[in-house]
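Chains, contacts and geometry: an overview
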Number of protein chains: 4
Amino acid sequence: MKIGPQTQRSSAISASNADTIVVRGHDLCGELVGQISFTDHVWLLITGRLPGAAQRRVLDATLVAIAEHGLVPSVVASRMTLAAAPEALQGAVAAGILGCGSVILGSAESAARLFGAAAARVPAESPEAAARALLGELHAARQPVPGYGHPLHKRQDPRVSRLLTVATEAGIAGRHIEIAALIERLVPEIWGRPLAMNVSGAIAAVLLDAGYPLLAVKGVPMLARTASLIAHLTEEQQRPIGFVLADQGASAVEYDGRRPDGFEPGES
Amino acid sequence: MKIGPQTQRSSAISASNADTIVVRGHDLCGELVGQISFTDHVWLLITGRLPGAAQRRVLDATLVAIAEHGLVPSVVASRMTLAAAPEALQGAVAAGILGCGSVILGSAESAARLFGAAAARVPAESPEAAARALLGELHAARQPVPGYGHPLHKRQDPRVSRLLTVATEAGIAGRHIEIAALIERLVPEIWGRPLAMNVSGAIAAVLLDAGYPLLAVKGVPMLARTASLIAHLTEEQQRPIGFVLADQGASAVEYDGRRPDGFEPGES
Amino acid sequence: MKIGPQTQRSSAISASNADTIVVRGHDLCGELVGQISFTDHVWLLITGRLPGAAQRRVLDATLVAIAEHGLVPSVVASRMTLAAAPEALQGAVAAGILGCGSVILGSAESAARLFGAAAARVPAESPEAAARALLGELHAARQPVPGYGHPLHKRQDPRVSRLLTVATEAGIAGRHIEIAALIERLVPEIWGRPLAMNVSGAIAAVLLDAGYPLLAVKGVPMLARTASLIAHLTEEQQRPIGFVLADQGASAVEYDGRRPDGFEPGES
Amino acid sequence: MKIGPQTQRSSAISASNADTIVVRGHDLCGELVGQISFTDHVWLLITGRLPGAAQRRVLDATLVAIAEHGLVPSVVASRMTLAAAPEALQGAVAAGILGCGSVILGSAESAARLFGAAAARVPAESPEAAARALLGELHAARQPVPGYGHPLHKRQDPRVSRLLTVATEAGIAGRHIEIAALIERLVPEIWGRPLAMNVSGAIAAVLLDAGYPLLAVKGVPMLARTASLIAHLTEEQQRPIGFVLADQGASAVEYDGRRPDGFEPGES
């Protein structure tokens, strides 16, 4: 059955015949393999153009910064999935990717939307007025500020200053970083307590300033995290902890439902 | 409940405190972000050590070679999943990753196991004798040779010669590439028809010769394909074809089951 | 790291020791297995209580109604995933489940939220005034009405009248069905064209009237679709069409990107 | 590109036109919705025929038996995925389904293959000789016996005797249950220690005796577990423990990798 109008029936990413594979207009084997880095290729695939040196450096920095942070929930879910289903590495990677949602890694996209919305109001408004207006709406709606606050790195996230420095060194720091810093300054005034910019906020700001498209911002933490998942799953195959993670998690939770007469729960 | 002995309770990938994030022994912000490429970081995460220049070049080449090949099944599944569930980019990426299985991208791992098994019999046997023995076992078991044959690139896959050239230029071509070439030469003799090495076979051979670990070979096509999925999903958000793909696929299939009296199927 | 306050550390669904498994307060083996239907068990698991006869009949009817509708996008994605990764049936089921999103099966939840919001304004407002107010908001925001309209069953979806009849026969038809019918009547007035209630709208209305919880409405199409996916994947193992679906879908899409001089795309 | 011969281009499960939906030859709305149970529909979808009373009772019993067992790894992974990505219930269900692998719920299929292989050698061999021969092969290959042994229910799994009783009461107990019991008796002799039949073994035996198809056995625990996941995710929306599960799991694991001078890991 036809869902939607289906007027669009083309794609501009890749084509091939028996001898040649074309990616974004380039002969894959003649022009790209062995000549560009994977980071160049990621930028090319997503934007249609090869990056400049500054763009490459910023994309590399964000991917390196967000790939790994230990046994975070997506890694925990992934490792226990491999323990239960070792025949399907791809299933364990997918289980980890599914945890890249609005609360955790997806906040980079939400932050990018916020910074983009503020930037779009300039120059009709000053950057500060634009940021203040949007923060006021979030506060009134009792919503959090995406890209600010971290459960461990409360005072400051070391990745933030590093990413901002890289952006400055690369010469691409611009409006979105300016707005991101303004927001960090305005939060205590509006919410009554400080919230440091976190790595998702910094990633959003530096990518947008580098000319990376908003619609693909969420892809950066997902791609980076895929590398981390593969590393953890390689370790899991050799030194498995998946069932320890599941068991210890479950042990911390009590049963508080009804129970038949005389029943006592055992070790979970 | 405790599944398995659970004697292993440690991990060697990352640790952190409020000020510092350590990845594979390095201070993430002080030593890595802004200083190494994402490809360096992938190698570091998976192996525990930063790559040499030749290793980096080979890993880059394999990631670039396998990332994109148009509307392959995993991309098709991913784009129709985003059309149905646009609120969850991570779900569409996961659906695509789930198609990295034994028949398609996972064959890189199967090929790596074959090359590794042959290499392990050397020098007790000659490389040719080792390859011949393993191929004989596969043929007797009526199993395919993983890493050889392609539905489109029948005579030769342009990515194969390119990857082998890069490995040679980088100075890492060794035993596994030798065995992979031997197998291509032996297949017509044993199966009675030629089967060209495909990109999965070439990836397996050059990665093993570069010192990349066998257990993580499948991760390379998965990581590369994640980049491709993000590019396709960025396009899908702007020029959607997900429901066209599903509808046109379904239209090619007839219903051949029982039908109530007088029922005629409509357009599917 | 601790994300969130983590004050909640209990669950009320199940507990066990070496001899007994308790589910929602019942001895699983002594009271449930062999004595209740799976539908009873689904209701018990989700709500904490066994259903009455009318509730069981309505839940059965909705699950039967929504399970299967041919080669819909989620089934297409699932079958091509199994073709690519036959070692992991669970991966193919998961790929299909990932297509139960806001546009397709998840609209049952959106419809339930709409009906619930309208019902909550009664009796302060009349049902019609409540429905009219909420539809007005949707129309002003240029949003669709969840639970109405279908690409194939344009005039009427045969599952809708059947589900409403079952609800009436079971004696549970109430406020939510009333509101769902009102909305169908009001849509032409507000949008200027009719949109028939679809199966998602009907499922939402009859489940809410039966006392099924709003937060679990989306679970009904997901559970039903899982049964359909298993049937399709059983057929796929015997009569594979997964790669036909992918190939025919891809063939309908043209490449409209840049191409190197002299390059002509082959058959996709 | 065409992968495989693609000669098969039909499906026998469902067809529809604007007025009628046909499922397995039945008019969905005229014959099925409101008239059969979901369990009947599951059997119909998978086998093409409605079940008899004994078949329905056995399928209901297996689905009820395997649906829920507390905070098992698939539930833990699912709940932490919802905590990280609350916008996508389907993603959390999929993450849980991905844990239905060869080690945990998928062992029902492996057990079914074992019982089926033994049954296929009868009457050329006695059931005991067939079972003994196959167990001998598993033991020689140092492989486990699928369907036997459980980390919590070591002496006996209460679900096993209950399912076997239901099968006997339903009048379908036959060759596969006989073989399953024989294997339990032979294990101590061959492995030198007892291993009680577990719920996966019992499910495999009673389903095969009821005439349920081997290729779909793994679907039963997956379908049942989907119901459990929906119940847990409904609770997770109201009383979240997902991040507690992840954090407590991670806290049980130490970092044993290299560390920069002076670095001390904080609370994980």
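Residues numbered from 1 in each chain as written. Chains lettered and ligands numbered in written order. Predicted model: local features only at pLDDT ≥ 70, side-chain atom pairs only at ≥ 80, totals over all residues. Heavy atoms only, no water.

Interface size is commonly expressed as the accessible surface area that is lost when the partners come together. Of the residues lining the interface, 86 residues belong to chain C; the matching set on chain D comes to 86 residues. For the chain C face of the interface with chain D, the top three residues by lost area are Phe 38, Val 64 and Gln 90 of chain C, together amounting to 10%. At the junction of chain C with chain D, the criterion picks out 2 salt bridges. Between Asp 19 of chain D and Arg 155 of chain C there is a salt bridge, with the nearest N and O atoms lying 3.8 Å from each other. Counting across the chain C and chain D interface gives 20 residue pairs in polar contact (both at pLDDT 80 or more). With 14 residues, helix H11 (residues 219-238) of chain C is the largest single contributor of residues to the side of chain C that touches chain D. Among the residues forming the side of chain C that touches chain D, the class breakdown is 43 nonpolar, 28 polar and 15 charged. (Contact = heavy atoms within 4.5 Å. Buried area = accessible area lost by both parts, 1.4 Å probe. Salt bridge = Lys/Arg side-chain N within 4 Å of Asp/Glu carboxyl O. Polar contact = N/O pair within 3.5 Å; in protein donor to acceptor, adjacent residues only side chain to side chain. Helix = DSSP H or I, 4+ residues; strand = E, 2+ residues; numbered from the N terminus. Nonpolar A, V, L, I, M, F, W, Y, C, P; charged D, E, K, R; others polar.)

On to the interface of chain B and chain D. Tallying the contact residues gives 44 residues for chain B and 44 residues for chain D. With both chains or domains summed, chain B and chain D bury close to 3200 Å², and 63% of this area falls on carbon and sulfur atoms. Within the residue set of the side of chain B that touches chain D, elements represented by two or more residues are strand S1 (10-11), strand S2 (14-16), strand S4 (26-27) and strand S5 (254-255) of chain B. With 3 residues, S2 of chain B is the single largest residue contributor to the side of chain B that touches chain D. Split into classes, the residues belonging to the side of chain B that touches chain D amount to 20 nonpolar, 14 polar and 10 charged.

In this section: the relation of the copies chain B and chain D. Expressed as a screw transformation, the operator carrying chain B onto chain D has a rotation angle of 180° and an axial translation of 0.0 Å, and the superposed copies differ by an RMSD of 0.0 Å. Such a combination of rotation and displacement between the chain copies is what one expects of a two-fold axis. A share of 100% of interface residues in chain B that are also interface residues in chain D marks the association as one of identical surfaces. (Least-squares fit on C-alpha atoms with pLDDT ≥ 70 in both.)

With that out of the way, let us pick up the sheet that holds strand S3 (residues 21-23) of chain D. All names here are of chain D. Taken together, the 3 strands give an open sheet; going across it, the order is S2-S3-S4, and neighbouring strands pair in antiparallel fashion. Every other strand in the sheet has two partners, leaving strand S2 (14-16) and strand S4 (26-27) as the edge strands with one partner each. Note that S2 and S3 share 3 bridges and pair antiparallel. In the sheet register, Ser 16 faces S3, and the bridge partner there is Ile 21. (Pairing = 2+ DSSP bridges.)

What follows is about the environment of Val 93 of chain D. Considering the arrangement of structural elements, one finds Val 93 of chain D in helix H5 (residues 89-97). Residue classification places Val 93 of chain D among the buried residues on the basis of a relative accessible area of 0%. The spatial distance from the C-alpha of Val 93 of chain D to the C-alpha of Ala 77 of chain D is 9.4 Å, given a sequence separation of 16 residues. Sequence-distant contacts of Val 93 of chain D, that is, excluding residues within four places in its chain, are made with Ile 97 and Met 222 of chain C together with Ser 78, Thr 226, Leu 229, Ile 230 and Leu 233 of chain D. (Buried < 20%, exposed > 50% of the residue type's maximum accessible area, 1.4 Å probe, protein only.)

In this section: the packing of helix H2 (residues 38-47) of chain A against helix H3 (residues 53-66) of chain A. All names here are of chain A. Two numbers describe how H2 lies on H3: the axes approach to 10 Å, and their chain directions differ by 105°. When the axes of H2 and H3 are compared, the pair comes out roughly perpendicular. Residue-level contacts link Thr 39, Asp 40, Val 42 and Trp 43 of H2 to Gln 55, Arg 56, Leu 59, Asp 60 and Leu 63 of H3. Residues belonging to the contact of H2 with H3 are distributed by class as follows: 4 nonpolar, 2 polar and 3 charged. (Axes fitted to C-alpha atoms, helices over the stretch in contact; angles between N-to-C directions. Parallel < 35°, antiparallel > 145°, perpendicular 65-115°, else oblique.)

Bringing the side chain of Thr 226 of chain C into the picture now. Inspection of the secondary structure assignment puts Thr 226 of chain C in helix H11. Thr 226 of chain C has contacts with Val 93 and Ile 97 of chain C together with Leu 223 and Thr 226 of chain D, leaving out every residue within four places of it along the chain.

For soluble globular proteins, the rule of thumb is that nonpolar side chains tend to be buried together. Of all hydrophobic cores here, the largest spans 363 residues; its most connected members are Phe 115 of chain A, Phe 115 of chain B, Phe 115 of chain C together with Phe 115 of chain D. Once residues lying within four places of it in the same chain are set aside, the contact partners of Phe 115 of chain C are Tyr 148, His 176, Ile 179, Ala 180, Ile 183, Gly 201, Ala 204, Ala 205 and Leu 208 of chain C. (Core = buried A, V, L, I, M, F, W, Y, C linked by side-chain atoms within 4.5 Å.)

With that settled, consider the pattern of salt bridges. As enumerated under the stated definition, the model contains 60 salt bridges over all chains in all. Arg 132 of chain A serves as the salt-bridge partner of Glu 189 of chain A, at 2.1 Å between the closest nitrogen and oxygen. Here Glu 189 of chain A is found in helix H9 (residues 175-191), whereas its partner Arg 132 of chain A is found in helix H7 (residues 127-140), with 57 residues between them in sequence. The residue Glu 128 of chain D makes a salt bridge to Arg 132 of chain D at a minimum N-O spacing of 2.8 Å. Of this pair, Glu 128 of chain D and Arg 132 of chain D are both found in helix H7 (residues 127-140), 4 residues apart, which corresponds to roughly one turn of the helix. Classification of Glu 128 of chain D by relative accessible area gives partly exposed; the value is 28%. Linked through salt bridges whose partners overlap, the residues forming this network are Arg 79, Glu 235, Glu 236 and Arg 239 of chain A together with Asp 256 of chain D.

Residues and elements named next belong to chain A. The terminal C-alpha atoms of helix H6 (residues 107-120), which comprises 14 residues, lie 20 Å apart, in line with the 20 Å expected from a rise of 1.5 Å per residue. Within H6 the residues assigned to the buried category are Ser 107, Ala 108, Glu 109, Ala 111, Ala 112, Leu 114, Phe 115, Ala 118 and Ala 119. Contacts from the buried residues of H6 go to H7, H9, helix H10 (199-209) and helix H11 (219-238). (Expected span 1.5 Å × (residues − 1).)

What follows concerns the state of the cysteines. All chains considered together, the criterion is met by 0 disulfides over all chains. Among the cysteines around Cys 29 of chain A, which has no disulfide bond, Cys 100 of chain B carries the closest sulfur, lying 19 Å off. On the basis of relative accessible area, Cys 29 of chain A is assigned to the buried category, the value being 9%. Among the cysteines around Cys 100 of chain A, which has no disulfide bond, Cys 100 of chain B carries the closest sulfur, lying 16 Å off. With relative accessibility at 1%, the residue Cys 100 of chain A sits in the buried group. (Disulfide = S-S within 2.5 Å.)

Attention now goes to the packing of aromatic side chains. Pairs of aromatic rings are described using the distance from one ring centre to the other and the angle between the two planes. Residues and elements named next belong to chain A. Following the criterion strictly, the structure yields 10 aromatic pairs over all chains and no others. Their ring planes at 65° and their centres at 5.6 Å tell us that Trp 43 and Tyr 212 sit as a pair that is edge-to-face. Residue Trp 43 is located in helix H2, and its partner Tyr 212 is located in the loop between H10 and H11; the two are separated by 169 residues in the primary sequence. Of the two residues, Trp 43 and Tyr 212, both sit in the buried class. (Phe/Tyr/Trp six-rings, centres within 6.5 Å; stacked < 30°, edge-to-face > 60°.)

Our next topic: helix H10 (residues 199-209) of chain D. Helical periodicity: at 3.6 residues per turn, an α-helix aligns residues three or four positions apart in one direction. Residue and element names in this part refer to chain D. For H10, the tally of buried residues reaches 11 of 11 residues, placing the bulk of the element in the interior. Listing the buried residues of H10 in full gives Val 199, Ser 200, Gly 201, Ala 202, Ile 203, Ala 204, Ala 205, Val 206, Leu 207, Leu 208 and Asp 209. The secondary structure elements touched by the buried residues of H10 are helix H3 (53-67), helix H6 (107-120), helix H8 (158-170), helix H9 (175-191) and helix H11 (219-238). A distance of 3.0 Å separates the backbone nitrogen of Ser 200 from a side-chain oxygen at the start of H10, and that oxygen is part of Asn 198.

A few words now on the relation of the copies chain C and chain D. With an RMSD of 0.0 Å, the fit of chain C onto chain D corresponds to turning through 180° and sliding 0.0 Å along the axis. Most of the interface of chain C is mirrored in chain D: 100% of its interface residues are interface residues there too.

Residue placement: Val 42 of chain A occurs in helix H2. Val 42 of chain A gets classed as buried once you look at its relative accessible area, which sits at 2%. Placed 181 residues apart in sequence, Val 42 of chain A and Leu 223 of chain A show a C-alpha to C-alpha distance of 9.5 Å. Beyond its immediate sequence surroundings of up to four residues, Val 42 of chain A is in contact with Leu 59 and Leu 223 of chain A together with Ala 227 of chain B.

Attention now moves to unusual backbone geometry. The peptide bond linking Val 122 of chain A to Pro 123 of chain A adopts the cis configuration, its omega dihedral lying at 10°. Note that Pro 123 of chain A resides in the loop between H6 and H7. A positive phi angle, near 55°, is found at Arg 142 of chain A, a position not held by glycine. The phi dihedral of Arg 24 of chain B falls on the positive side, at around 50°, and the residue is not glycine. Relative to the elements of secondary structure, Arg 24 of chain B occurs in the loop between strand S3 (21-23) and S4.

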